[in-house]
Amino acid sequence: MRKFLNAYQSVFGVINYVAFVLVLVSLAFPWHFTQPLFAVWLVTWLLEGRWTDKTNFSFGRHTMPVLLMGGFVVWEALSLLWTQDLNSGISELERHLPIFVVILMTLFGGNKYYQSYKLKTALLVGCLLALLSYSMIVYWCSITKVLGSWTINYWTFFGEGPIEYIKHRQYLCIALLLALCFSGDIYRHYVSKYPKYACMTVIGLANLILIAAIVMTGSRTTILLLPILGMIYILRVLPGRYKWFFASGLIVIVIAAGIVLPRYNWRFESMKKDVVALFTAHQDPAAIHEPRALIWATVVRHSDDFGWFGLGTGSSDEFLQKCYQEEQIDMHYGSHNNYLYFFMELGWFGLIYFIGMLIAIPFFHTGGARRDATMACIIFGWSMMAENLMTMMSGLYIFFAAIIIIQCLQRESNSQLPSRP
């Protein structure tokens, strides 16, 4: 019987690991590819039965982040008691329920195949494959004129034309940024097995492709985040004599980009005009190219309506539509900001809880896991200022995958600690 159980777990362990690798490879592709793979991963992890063996159980500081996330989802569920749109609230809650399986996975871990460098490599390879696929699509569309008058624009190569119909630039960039941040660990592993300069060339070229792709999406949020992440990495990782040299070089690049981008990239040019129009957006909505300024101003004007407990999960879109009608604004967008979104739906309590959770998460980790958690929190926290990524499956799948990678790295770090006498 024991032999059968071992064979059973071994088979499902392989299937589960392969499913998660495919999830990681698919993250930079449209989320419709990720959805069935993620479902297979969830089911096979449960069927593998690691949660039935108490020797796999591990509870410590590293489990607190996912428990805090679970607590946040519980608060969302409680808010259904006073929500103004129950159907939308239930739909939103269902998207967040996988966090409880992620909690189980954190407590009982993955099988022996789950090694952080392999998972990070899968994400990096997936991002490069996605960029190759998107490049082929753009090329095909340009030569066949399938989109009529559309032409290739260098600055928005991966963000306009055919790509905007199959993959939102912001969610593509989140996957690319995570792969970029994980590349240091990938290099440190492979340099111990392969020639140093070969590893530097391959990983360096991959990073240049990721950075170039981020710039060519035209995603202003992500492009502005790139130098911030770069400076953090330089100051934390590089030794003293190299640190200041690369930091100075990065500052020069940022200054040059600040001069060039608003002048030649139409999205940055429109952003500059929108900042000017922000103070008159309500009086003249047509003055702004992008409606985010007007949306955020509308939410702030009605902040007294949310109180400590908010309008309830799923209520924000309907509430905003009523505000637009009352103020005679021709607008149909949601909040385009996760912090304002949670503020409307979960009130001051939910907003403070969520921001506090993002700030606290890295401190529950140690070593490399803390570094990765810090980078991930910065990436997601920054991105949420312009998108409701925590309510969109494209963002949630990347978010869940990042949690699992960080938890695997933390388990590896914990297993290398010397045992206490």
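Residues numbered from 1 in each chain as written. Predicted model: local features only at pLDDT ≥ 70, side-chain atom pairs only at ≥ 80, totals over all residues. Heavy atoms only, no water.

1. Details of the packing of aromatic side chains
Moving on, step 1. Here the structure, examined in full by the defined rule, presents 29 aromatic pairs.
Moving on, step 2. Aromatic side chains Phe20 and Tyr114 sit 5.8 Å apart centroid to centroid with 25° between the ring planes, which places their arrangement in the stacked category. On the criterion of sequence distance, the pair formed by Phe20 in helix α1 (residues 2-26) and Tyr114 in the loop between α5 (99-108) and α6 (116-144) is long-range, its members being 94 residues apart. Taken individually, Phe20 and Tyr114 each receive the classification buried, so the pair is uniform in this respect.
Moving on, step 3. For the pair Phe38 and Tyr397, a centre-to-centre distance of 5.1 Å together with 50° between the ring planes defines the contact as tilted. Taken together, the residues span a long stretch of sequence, with Phe38 in helix α2 (residues 31-48) and Tyr397 in helix α17 (residues 393-415) at a distance of 359 residues. (Phe/Tyr/Trp six-rings, centres within 6.5 Å; stacked < 30°, edge-to-face > 60°. Helix = DSSP H or I, 4+ residues; strand = E, 2+ residues; numbered from the N terminus. Buried < 20%, exposed > 50% of the residue type's maximum accessible area, 1.4 Å probe, protein only.)

2. Topic: the nonpolar core
Moving on, step 1. Membership of the largest hydrophobic core comes to 112 residues, with the highest contact counts inside it found for Phe20, Trp41, Leu178, Phe354 and Phe380.
Moving on, step 2. The leading source of residues in this core is α17, at 14 residues.
Moving on, step 3. Those residues in contact with Leu178 that sit more than four places away from it in its chain are Leu123, Ala376, Ile379, Phe380, Ile398 and Ala402. (Core = buried A, V, L, I, M, F, W, Y, C linked by side-chain atoms within 4.5 Å. Contact = heavy atoms within 4.5 Å.)

3. A closer look at helix α9 (residues 196-217)
For an α-helix, 3.6 residues make a turn, and residues three or four places apart therefore share a direction.
Moving on, step 1. Along its 22 residues, α9 runs 32 Å from first to last C-alpha, staying within 8% of the 32 Å computed at 1.5 Å per residue.
Moving on, step 2. Of the positions making up α9, those classed as buried are Cys199, Ile203, Ala206, Asn207, Leu210, Ala213, Ile214, Met216 and Thr217.
Moving on, step 3. Elements in contact with the buried residues of α9: α6, α8 (169-190) and α10 (220-237).
Moving on, step 4. Positive phi appears at Gly218, one or two residues downstream of α9, with a value of about 75°. (Expected span 1.5 Å × (residues − 1).)

4. Points about the packing of α1 against α2
Moving on, step 1. Two numbers describe how α1 lies on α2: the axes approach to 8 Å, and their chain directions differ by 155°. Taken together, the axes of α1 and α2 lie roughly antiparallel to each other. Where α1 crosses over α2, the handedness of that crossing is left-handed. Together, Tyr8, Gln9, Phe12, Gly13, Ile15, Asn16, Ala19, Phe20, Leu22, Val23 and Ser26 of α1 and Phe33, Thr34, Leu37, Phe38, Val40, Trp41, Thr44, Trp45, Leu47 and Glu48 of α2 make up the contact between the two elements.
Moving on, step 2. Its residues placed into classes, the contact of α1 with α2 shows 14 nonpolar, 6 polar and 1 charged. (Axes fitted to C-alpha atoms, helices over the stretch in contact; angles between N-to-C directions. Parallel < 35°, antiparallel > 145°, perpendicular 65-115°, else oblique. Left-handed = near helix turned anticlockwise from the far one by under 90°. Nonpolar A, V, L, I, M, F, W, Y, C, P; charged D, E, K, R; others polar.)

5. Concerning the pattern of salt bridges
Moving on, step 1. Here the structure, examined in full by the defined rule, presents 7 salt bridges.
Moving on, step 2. Linking Glu160 and Arg169 is a salt bridge whose minimum nitrogen-to-oxygen distance equals 2.5 Å.
Moving on, step 3. On the basis of relative accessible area, Arg169 is assigned to the buried category, the value being 13%.
Moving on, step 4. Between Asp185 and Arg188 there is a salt bridge whose closest N-O contact spans 2.7 Å. Here Asp185 pairs with Arg188, and both are found in helix α8, just 3 residues apart, close to one helical turn.
Moving on, step 5. Overlapping salt bridges, with partners in common, bring together Lys120, Asp185, Arg188, Arg371 and Asp372 in one network. (Salt bridge = Lys/Arg side-chain N within 4 Å of Asp/Glu carboxyl O.)

6. Description of the state of the cysteines
Moving on, step 1. If you walk through the whole model with that rule in mind, you get 0 disulfides.
Moving on, step 2. The thiol sulfur of Cys173 is not disulfide-bonded, and the nearest other cysteine sulfur, from Cys127, lies at 10 Å. (Disulfide = S-S within 2.5 Å.)

By themselves, these are just geometric observations and shouldn't be taken as functional.
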